[in-house]
Amino acid sequence: HMLVYASRQSGAPAYNATSVVLLTELIKLVMALTLYRLNDGNCSLLFRQISGSKQLLLRYLIPAQLYCVYNNLVYLNLEVFDPGTYNVLLQLRIVMTGVLYQMLFSRQLNRNQWRAILLIAAGCIVKESSKFSQGDRQMQANVFAWALLLVQMLCSVFAGVYNEHLLKGFSGSAGQPIVSTNLQNAYMYFNSALCNAAVLVYQGQLGAAVAPANLQTVFTPTILLVMAIMSTVGMVTGFFLKHLDSVLKAIASALEVVLTAALSWLFFDTPLNTRALVAVACVGGGVALYARPLIDTEVRYKPLRTTVAPSAESEA
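Residues numbered from 1 in each chain as written. Predicted model: local features only at pLDDT ≥ 70, side-chain atom pairs only at ≥ 80, totals over all residues. Heavy atoms only, no water.

### Brief notes about the overall build of the protein chain
Within the protein chain one finds 17 helices and 0 strands. Within the span of the protein chain, comprising 316 residues, buried residues form 42% of the whole. Sequence separation of 24 or more characterises 82% of the internal contacts of the protein chain that already satisfy a separation of 6 or more. Surface summary for the protein chain: the accessible area is close to 17,300 Å², and the carbon and sulfur share equals 65%. (Helix = DSSP H or I, 4+ residues; strand = E, 2+ residues; numbered from the N terminus. Buried < 20%, exposed > 50% of the residue type's maximum accessible area, 1.4 Å probe, protein only. Contact = heavy atoms within 4.5 Å. Areas by Shrake-Rupley, 256 points an atom, 1.4 Å probe, with all protein chains shown as cover.)

### Let's talk about the packing of helix H6 (residues 83–90) against helix H8 (residues 111–128)
Packing of H6 against H8 brings their axes to within 8 Å, and their N-to-C directions diverge by 145 degrees. Where H6 crosses over H8, the two elements pack in a sense that is left-handed. Residues Thr85, Val88 and Leu89 of H6 form the contact with H8, whose own contacting residues are Gly123, Cys124, Lys127 and Glu128. Tallied by class, residues from the contact of H6 with H8 come to 3 nonpolar, 2 polar and 2 charged. (Axes fitted to C-alpha atoms, helices over the stretch in contact; angles between N-to-C directions. Left-handed = near helix turned anticlockwise from the far one by under 90°. Nonpolar A, V, L, I, M, F, W, Y, C, P; charged D, E, K, R; others polar.)

### Some points on the packing of helix H2 (residues 17–39) against helix H10 (residues 181–203)
Two elements in contact, H2 and H10, have axes whose closest approach is 8 Å; the angle formed by their N-to-C orientations is 160 degrees. In terms of orientation, H2 lies roughly antiparallel with respect to H10. The interaxial crossing formed by H2 with H10 has left-handed handedness. In terms of residue class, the contact of H2 with H10 is built from 16 nonpolar, 8 polar and 2 charged. (Parallel < 35°, antiparallel > 145°, perpendicular 65-115°, else oblique.)

### So, the state of the cysteines
A covalent bond between the sulfur atoms of two cysteines is what we call a disulfide. According to the stated counting rule, one finds 0 disulfides in the structure shown. Cysteine Cys195 is unpaired, with the sulfur of Cys68 as its nearest cysteine sulfur at 5.4 Å. (Disulfide = S-S within 2.5 Å.)

### A few points about the packing of aromatic side chains
What characterises a pair of aromatic rings is the spacing of the ring centres plus the angle enclosed by the ring planes. Scanning the model with the defined rule gives 2 aromatic pairs in all. With a centroid separation of 6.4 Å and an interplanar angle of 85 degrees, the aromatic rings of Tyr15 and Tyr75 are classed as edge-to-face. A residue pair is termed long-range when its members are at least 10 positions apart, and Tyr15 in the loop between helix H1 (2–7) and H2 and Tyr75 in helix H5 (residues 61–77) qualify at 60 residues. Judged by its relative accessible area of 4%, Tyr75 falls in the buried class. (Phe/Tyr/Trp six-rings, centres within 6.5 Å; stacked < 30°, edge-to-face > 60°.)

### As for the side chain of Thr24
Relative to the assigned elements, Thr24 resides in helix H2. Setting aside its immediate chain neighbours within four residues, Thr24 contacts Met227, Met230 and Ser231.

### A short note on the side chain of Asn196
With respect to the helices and strands, the residue Asn196 is situated in helix H10. In this structure Asn196 comes out as buried when scored by relative accessible area, which is 0%. The contacts of Asn196, once residues within four sequence positions are left out, are Thr18, Val21, Leu22, Glu25, Cys68 and Asn72.

### Some remarks on H6
In terms of burial, H6 is a largely internal element, 8 of the 8 residues being buried. Residues Pro83, Gly84, Thr85, Tyr86, Asn87, Val88, Leu89 and Leu90 constitute the buried set of H6.

### Topic: a nonpolar patch on the surface
Residues Leu259, Leu263, Trp265, Leu266, Phe267, Leu272 and Leu277 make up a contiguous nonpolar surface patch of roughly 730 Å² in combined accessible area. Per element, the largest residue contribution to the nonpolar patch is 5 residues, and it comes from helix H15 (residues 256–268). (Patch = residues over 30% accessible without salt bridge, like charges linked within 9 Å, V, L, I, M, F, W, Y side chains within 5 Å. Salt bridge = Lys/Arg side-chain N within 4 Å of Asp/Glu carboxyl O.)

Note that every value here comes from positions in space, so none of it alone points to a role or purpose.
Quick look at the structure:
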């Protein structure tokens, strides 16, 4: 996020953000297919599994569209918010993830987890509380920026939970075909690349995206590092959702808030005032509270086993 923020500043060379997202998805697609070839099977098995799971390939079009919107909004929102503020506010998706996770997977979060979610949400409100009293024109700009961030969070939540449902649902259970995590990741990245290409065509920017001026900027060290980091994070996310859950992933991502706030202050002179410190403390406290096991205070009594000594009459 800090690299993206630096690349979107007024003095930085301009580039087409959707083209960067498209190239990132293509890199992830190559990585997923390579991992499949190394760990799951040969090309013949790959084509057989694709032929037998075409319906699953089409299902991944839904989260791919959501991730397409999410990834493009990353670049747009980091033109408005500094990395520290952006990462703090983005943790509001934890609240949405917790509610949606309970609805779809019928698993209740415990008291500590809900308290952690509320504490993180409170930290986000504290971080932006100073903007509530600004003038009407500035407030309208703030509301528009918050709305875009809300859209990004909703896309993240629904895509993450739906992707988790697909990853865990097609593992050979309930009559579903067995599809490896690597192949399912490839399905996701293939559909995501198609969605971003469609966005470029719809906007009439496909020619500009492949123009030498744009490619010259895209293939600079900063943007290449952004694509490398985004590709690695995307690959890890698939395995994370396969073996853990969306809420734990969202809570774990809140840990970067503390480091991002400090680094943003160090490199971009972002104000680290009392509100920012309180917000970071709330988010950090929420993370610690979520990881704390729930102590069962209910007292349970075990029945005592009693033995009756034989009477004198029974001995006789």
